[in-house]
Structure formats: C-alpha cells, structure tokens
Amino acid sequence: MKITQHIEHAKGKTLFSFELLPPVKGQGITHIYNAIDPLMEFNPPFIDVTSHREEFIYKRLENGLLEQVAYSKRPGTIALCAAISHRYKVDTVPHLICGGATRQEIENMLIDLQFLGIDNVLVLRGDAAKADSSFIPAEGGHAYASELLQQVINLNKGRYLHEAHMPSKTDFCVGVAAYPEKHFESPNLKTDLSYLKMKVDMGAEFIVTQMFFDNQRFFNFVRLCRESGIHVPIIPGLKPITSSRQLTSIPKTFHIDLPEDLCDAVKACSNEKDVKEAGIEWMIHQCRELLAFGVPVLHFYTMGNPEPTRRIASAIF
Ligand code: FAD
C-alpha cells in the first residue's frame, strides 16, 4: 500500500514508522531483524531502508603503488526491503539516490522494485562521495533529486529511458527529503523551499524531514510550506540524543542546531547512561508536542539501535 494511503486510512491518527541502515557488509541480515523485532509492537505501516553510494578506497599493492578500488560498505537496500516486507508483512520504503548511479542502473532498480511489489520510494540526491568536497553526479546520472524524481514519474507513465510508451507502467508513490533548518548547501530557506515546491509540483506525494530537536523550527517550516502551496503530508524525522559526543557530531554531520536547553541537560549529566535518559526524555516531550500538532507519522532514525526508539514509542503510543 502507498504511504499516502496509510496516512489517509489512519484518519488523523498519528502513525509510527522508522528507518534502518542496511548492515555493514559481512554482518548478515539477522542483525537487522534483531533491530526490527522490538519495534513491531507499535505496528509500523512502513519501514524505510537507506541507500549508500559506492566509495573509493585505496589498497597498497606489493610494489608500493596505491590502487583505487570501488567499495560498497552497506549494499543490499532493495533485497533488504523485499526481505523485510516478506517477513513482517509491512510496506518498505527504499531510499534511491542519484550519487554513484547512472540513469540506466536506476531504471533497473525501479524495475526490480516493481517486480517485488514495492510501490513506495524516497528519492534523494545523496551526499558527496567522501573523497569529493561537493556532490559530483555519476556520468550518465542525475545532479539533483528532482531529476531522479522525473525519471520515476516518467516510468509511472510508461516512459522508459529508451522506450516511450510501454504497456507496463510503474505505480510508485514517491517521497522527497526536506530540511526544516534548510539544506546546508542552500543560500537560504526560501530558495531551498522553492526546490522542494518544484519536487512536489512534479509529483512528489509526501515529504520526510531531516531530524530536528526544536519543534518550533518544524512548525515554522510546515507553515512556510503550506503558505507556498505545498500541501502533501510532511513527516517529521526524529532521533534521540544517546551520547554526549553527539552534541558535536550531529550538528557537524546533519547541519542542524541543538537547542541550548537540550545541550544544558546533556552537560548536566555525570555519565553516559544519564545522557541517554535525558535524550529520550527530550524526544518524548518533542513527540507529545508533535502529536498535538497533528503530524501524520512520527518517523524515527534508529541507526540500527531500536532501544531508545522503543522506549519513546512506549511512552507515546
Ligand atoms: P536535492 O533536492 O537535489 O537538493 C540538494 C541541494 O540542491 C539543496 O541545497 C537544494 O536547495 C538544491 N537544489 C535542488 N534542486 C536544485 C536545482 N534544480 N537547481 C539548483 N539547486 C537545486 N543520503 C543518502 O546517501 N542515503 C540515504 O538513504 C539518505 N536518506 C535520507 C533521508 C532523509 C529523510 C533525509 C532528509 C536525507 C537523507 N539523505 C540520504 C541525505 C541526502 O541525500 C542529503 O541531504 C543530500 O545532500 C541532499 O539530498 P536531497 O534529496 O535533499 O537533494
């Protein structure tokens, strides 16, 4: 079922969902099932699985020279989605990224998804490769999420890359990412919103946000979206603080601010166990406000660690 249908059927009741990363190559799928099992009691109608581009690593050869090798640390997004859907009878939302992929490879992935009966995708540009200072599209690939979105919309109309009117049309419900505190490359929120509006006008049917710790930023963002004519569901992405190290790593990685009160609460803790408790408490408070605001879904970035999310969901649902 499509994400938009899940939201419609919920008739205003807030749903619970979460995101997982594919396991690091070699870890196996049991690791993932162990991360899902504790969260199934909250009846997620869908689970997201992230996508990770190939990176380049350097291997030293016997002659001392370095050889550049393509390396996928977390492959398997599509297969993992299929395995999760099959095992838990839930919908899955694979993330599809432009980074490192040609249009042809993306078309093949979309055909795989269609054959597997997976009819939701979250389309994203992806970040720059670790070796690059800014995003460089693959040769024959897309530069922006909107271009990838257009490819999916075309396929929904039976327009394949090299065949214009094919009888087998896909029927993907497509989501896109958004940033309540703006995307870090964007000169300002207004410009960023104009590209978001473009994606929605092109056919994106739902939005999932970057994590945030200050609900006022999210409320303001939703207001600006509505004022600019973006009326699709906006799903807040959430992640509790679980370690004091995250006071610096989260702003650096995700380009977001952490509220002073949250930082003070973390700094007042004498050990990491208390930090986790403070982070969970903050998130429970955030979720209660978001529920009162009427968000369609509370969507958690679990990063493979279900316990904090389980604690929060127990307090909320
Ligand atoms: P875009 O929409 O392409 O925007 C990128 C930047 O370009 C923005 O600054 C935007 O304002 C600007 N822009 C957009 N269109 C145009 C245009 N036509 N002309 C000029 N400027 C334009 N990354 C992964 O690698 N894998 C994942 O699984 C993943 N999942 C994510 C899930 C969520 C919910 C979120 C919020 C992010 C996720 N990311 C993931 C990170 C994401 O790929 C990065 O934030 C990336 O830098 C931007 O992706 P985007 O889809 O928002 O890009």
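This write-up is about the structure you can find in this document. (Residues numbered from 1 in each chain as written. Predicted model: local features only at pLDDT ≥ 70, side-chain atom pairs only at ≥ 80, totals over all residues. Heavy atoms only, no water.)

### Comments concerning the site of the ligand
Under the convention used in this document: Residue proximity to a molecule or strand is established when one non-hydrogen atom of the residue lies within 4 Å of it. As used in this structure description, the phrase polar contact means that two N or O atoms lie within 3.5 Å; if the pair is within protein, one of them must be able to donate a hydrogen and the other to accept it, and residues adjacent in sequence are counted only when both atoms belong to side chains. All accessibility values rest on the Shrake-Rupley procedure with a 1.4 Å probe; residue burial counts only the protein chains present in the view. Starting at the N terminus, helices and strands are each numbered in turn, a helix being any DSSP run of H or I of at least four residues and a strand any DSSP run of E of at least two.
Around the ligand, 24 residues are found, and the nearest of them are S51, D127, Y179, D192 and K199. One of the backbone N or O atoms of G126 is found 2.9 Å from an oxygen atom in the ligand. With respect to the ligand, the backbone of A145 contributes an N or O atom lying 2.9 Å from an oxygen atom. If the ligand stood free it would expose 970 Å²; the protein chains cover 86% of that surface. Breaking the shell around the ligand down by element, the ones donating at least two residues are β5 (91–97), β6 (120–124), α6 (189–202) and β8 (206–211). In terms of residue count, α6 provides more of the shell around the ligand than any other element does, four residues in total.

### Re helix α8 (residues 246–254)
Quick reminder of the rule: Categorising residues by exposure relies on relative accessible area from a 1.4 Å probe, with only protein chains included: less than 20% of the type maximum marks a residue as buried, more than 50% marks it as exposed, and the intermediate range marks it as partly exposed. The arc refers to the directions leading from the helix axis to the C-beta atoms. By definition in these notes, contact holds between two residues if any of their heavy atoms fall within 4.5 Å.
Those residues of α8 lying buried are Q246, L247 and I250. For α8, the angular spread of the buried residues around the axis is 105°, confining them to a single face. Facing away from the buried surface of α8 by more than 90 degrees, the exposed residues are T248 and K252. Buried positions along α8 lie against β8 and α9 (260–267).

### Remarks on the sheet that holds strand β2 (residues 46–49)
Using the following cut-off: Strand pairing follows a simple DSSP-based rule, namely that at least 2 bridges must link the two strands. Orientation is described by axes fitted as lines to C-alpha atoms, over the contacting stretch for helices, and by angles from 0 to 180 degrees between their N-to-C directions.
Read once around its circumference, the closed barrel built from eight strands follows the order β1-β2-β5-β6-β7-β8-β9-β10, with strand pairing classed as parallel. Pairs of neighbouring strands in the sheet enclose a mean axial angle of 25°, with direction left out of account. Pairing geometry for strand β1 (residues 15–20) and β2, over three bridges, is parallel. Bridge pairing links L20 to V49 in β2.

### A short note on the side chain of H6
Note on placement: H6 falls in helix α1 (residues 3–9). The residues touching H6, leaving out its near neighbours within four places in the chain, are M1, L15, P45 and D91.

### A look at unusual backbone geometry
Positive phi is not limited to glycine here, since N43 has a value of about 50°. Residue position: N43 is located in the loop between α2 (30–36) and β2. What makes N43 exposed here is its relative accessible area of 61%. Its identity is not glycine, yet K182 carries a phi of approximately 70°, on the positive side. Along the chain, the position of K182 falls in the loop between β7 (173–178) and α6.

### Digging into the pairing of β7
Short version of the rule: Classification remark: right-handed applies to a crossover when, strands pointing away from the viewer, the course from the first strand over the helix to the second runs clockwise.
Among the six residues that make up β7, six are buried, leaving the element largely enclosed by the rest of the structure. Side chains of β7 alternate between two faces, with C173, G175 and A177 and V174, V176 and A178 buried alike. Sheet topology places β6 next to β7; four bridges connect them, and they run parallel. What sits directly across from V123, in β7, is V176. A crossover connection joins β6 to the parallel β7 through helix α5 (residues 145–156); in handedness this β-α-β unit is right-handed. A crossover links β7 with its parallel partner β8, the connecting element being α6, and its sense is right-handed.

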